[in-house]
Amino acid sequence: MSRVPVPCHIKGAVALQVGDVRTVQGRPGVLVIDVTFPTAGPFEEITFKNYYTAFLSIRVRQVGSPNQSSTKWITCLRDYCLMPNPHNEEGAQDYVSLYKHQMLCDMDKVLELRLILRQPSPLWLNFTLEELQFFQHGPQSSSSAFTKWLSHPAPYEQPALLLQQALPDPDKVSSEVQQMWMLTEMIRASRTTARIGRFDVDGCYDLNLLSYT
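The shown structure was predicted, so the numbers you read here are calculated from the model rather than taken from an experiment. (Residues numbered from 1 in each chain as written. Predicted model: local features only at pLDDT ≥ 70, side-chain atom pairs only at ≥ 80, totals over all residues. Heavy atoms only, no water.)

**Some thoughts on the pattern of salt bridges**
Any two side chains of opposite charge can pair, given that their charged atoms come close. Our working rule: Salt bridges are identified by distance alone: a Lys or Arg side-chain nitrogen within 4 Å of an Asp or Glu carboxyl oxygen. Per the convention used, a helix needs a DSSP run of H or I reaching at least four residues, while a strand needs a run of E reaching at least two, with both numbered from the N terminus. Think of it in three bands: with a 1.4 Å probe and only protein chains considered, a residue is buried below 20% of the maximum accessible area for its type, exposed above 50%, and partly exposed in between.
Tallied over the entire structure, the rule returns 6 salt bridges. For glutamate 44, the salt bridge identified is with lysine 100, shortest N-O distance 4.0 Å. Of the two residues, glutamate 44 sits in the loop between strand S4 (27–41) and strand S5 (45–51) while lysine 100 sits in the loop between strand S8 (95–99) and strand S9 (110–118), which places them 56 residues apart along the sequence. Residue class for glutamate 44 comes out partly exposed when judged on its relative accessible area of 22%. With relative accessibility at 29%, the residue lysine 100 sits in the partly exposed group. Between arginine 61 and glutamate 112 there is a salt bridge, with its nearest N and O atoms 2.3 Å apart. Separated by 51 residues along the polypeptide, arginine 61 in strand S6 (residues 55–62) and glutamate 112 in strand S9 bring together distant segments of the chain. On the accessibility criterion, glutamate 112 (19% relative accessible area) is buried. Within the structure, one salt-bridge network assembled from shared partners comprises Glu44, Lys100 and Asp108.

**A few points about the side chain of asparagine 50**
The following threshold applies: Identification of polar contacts relies on pairs of N or O atoms within 3.5 Å, with a donor-acceptor requirement for protein atoms, meaning one able to donate a hydrogen and the other able to accept it, and with residues adjacent in sequence counted only if both atoms are side-chain atoms.
Looking at the element boundaries, asparagine 50 is found in strand S5. In terms of polar contacts, asparagine 50 uses its side chain to reach the backbone carbonyl oxygen of glycine 91, at 3.0 Å.

**Looking at the nonpolar core**
The condition is simple: Side-chain atoms within 4.5 Å link the members of a nonpolar core, which is a set of buried Ala, Val, Leu, Ile, Met, Phe, Trp, Tyr and Cys residues. Contacts were defined at the residue level, with two residues in contact if any of their heavy atoms lie within 4.5 Å.
Grouped together as the largest cluster of nonpolar side chains are 33 residues, with contacts concentrated most on Ile46, Leu56, Ile58, Leu113 and Leu115. Among the elements of the structure, S4, S5, S6, strand S7 (73–81), S8, S9 and strand S10 (128–138) are those that each provide at least two residues to this core. Setting aside anything within four residues of it in sequence, one finds leucine 115 in contact with Leu31, Val32, Ile33, Val35, Leu56, Ser57, Ile58, Leu129 and Leu132.

**A look at the confidence of the model for the chain**
The condition is simple: Values of pLDDT, ranging from 0 to 100, describe the predictor's confidence in every residue of the model.
Predicted confidence across the chain gives a mean pLDDT of 76, with 61% of residues reaching 70 or more. Note that residues 154–159 has pLDDT below 50 and, in this model, 3 contacts with residues that lie over four places away or in other chains.

**Concerning the sheet that holds S10**
To keep it simple, the criterion reads: The pairing criterion for strands is at least two bridges between them, as found by DSSP. Lines are fitted to the C-alpha atoms to define the axes, a helix being fitted only along its stretch in contact, and any angle between axes, read from their N-to-C directions, falls within 0 to 180 degrees.
Strand order in this open sheet of 4 strands is S1-S10-S5-S8, and the pairing throughout is antiparallel. What marks the edges here is a single partner per strand, and that holds for strand S1 (2–5) and S8. Taken over all neighbouring pairs, the strand axes of this sheet differ in orientation by 35° on average, direction set aside. The sheet contact formed by S5 and S10 spans 6 bridges and is antiparallel. Within the sheet, the bridge partner assigned to threonine 47 lies in S10 and is glutamine 133.

**Some words on unusual backbone geometry**
Glycine aside, residues mostly have negative phi angles, and peptide bonds mostly take the trans form. Its identity is not glycine, yet aspartate 79 carries a phi of approximately 50°, on the positive side. Assignment of secondary structure puts aspartate 79 in strand S7. The backbone of glutamate 131 sits at a positive phi, close to 55°, despite the residue not being glycine. Looking at where glutamate 131 falls in the secondary structure, it is placed in strand S10.

**Focus on the packing of aromatic side chains**
Any pair of aromatic rings gets described here by the distance separating the centres and the angle formed by the planes. Defined as follows: Centres within 6.5 Å make a pair out of two Phe, Tyr or Trp rings, where for Trp the six-membered ring is used; the pair is then stacked when the planes are under 30 degrees apart, edge-to-face when over 60, and tilted otherwise. Look at NZ for Lys and CZ for Arg. If either is within 6 Å of the ring centre and within 35 degrees of the ring normal, a charge sits over the ring.
Per the stated rule, a full pass over the model turns up 5 aromatic pairs. Here the aromatic rings of phenylalanine 43 and phenylalanine 134 are separated by 5.3 Å at their centres, their planes lie at 70°, and the arrangement is edge-to-face. Residue phenylalanine 43 is located in the loop between S4 and S5, and its partner phenylalanine 134 is located in strand S10; the two are separated by 91 residues in the primary sequence. As far as burial versus exposure is concerned, phenylalanine 43 and phenylalanine 134 are alike and both buried. The ring centre of phenylalanine 135 lies 4.0 Å from the NZ or CZ of arginine 3, which sits over that ring.

Encoded structure:
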């Protein structure tokens, strides 16, 4: 299935003050980001890049039945951990994907979505979510099907694999070549021929026939 972006309007983050605003200790420890969808519908995936947010909760408002009000907010994700330790940078700038099966409620017919960001550590002055996107599954495209075919070819479409299986073991070939070379050297070393001057001596000739008269 292909991923289809869901049209939406993402509002600016609103800070909720933690502590006394009249003192230096007072700072925003909670941010709220509201997202509205022009058409109520389902989505399967939420992606974003974290920026020093430690915990994330998500609430949604859905289209209600004729006998039910649609103004009720439902929590579908509660205190999802984005940074294992808020005082360390692990996970502070990771790319994150959240899927439908991770939610605590049904994600169909969503009108509005509210992301609640928390960072309890005083070490980070700013935190938010970047590159926020929503996706739903669309029909499989021909290009994705072609990519899948390339990744999983049929057995008769795997020449490289068949060629690799047909080649001999390189270690076995190297060992046999070395044994042949050693045998050749042994044969060459065992060859000895007695020579006198430039002529070979053969015992079947009479030495008197070789002398001058």
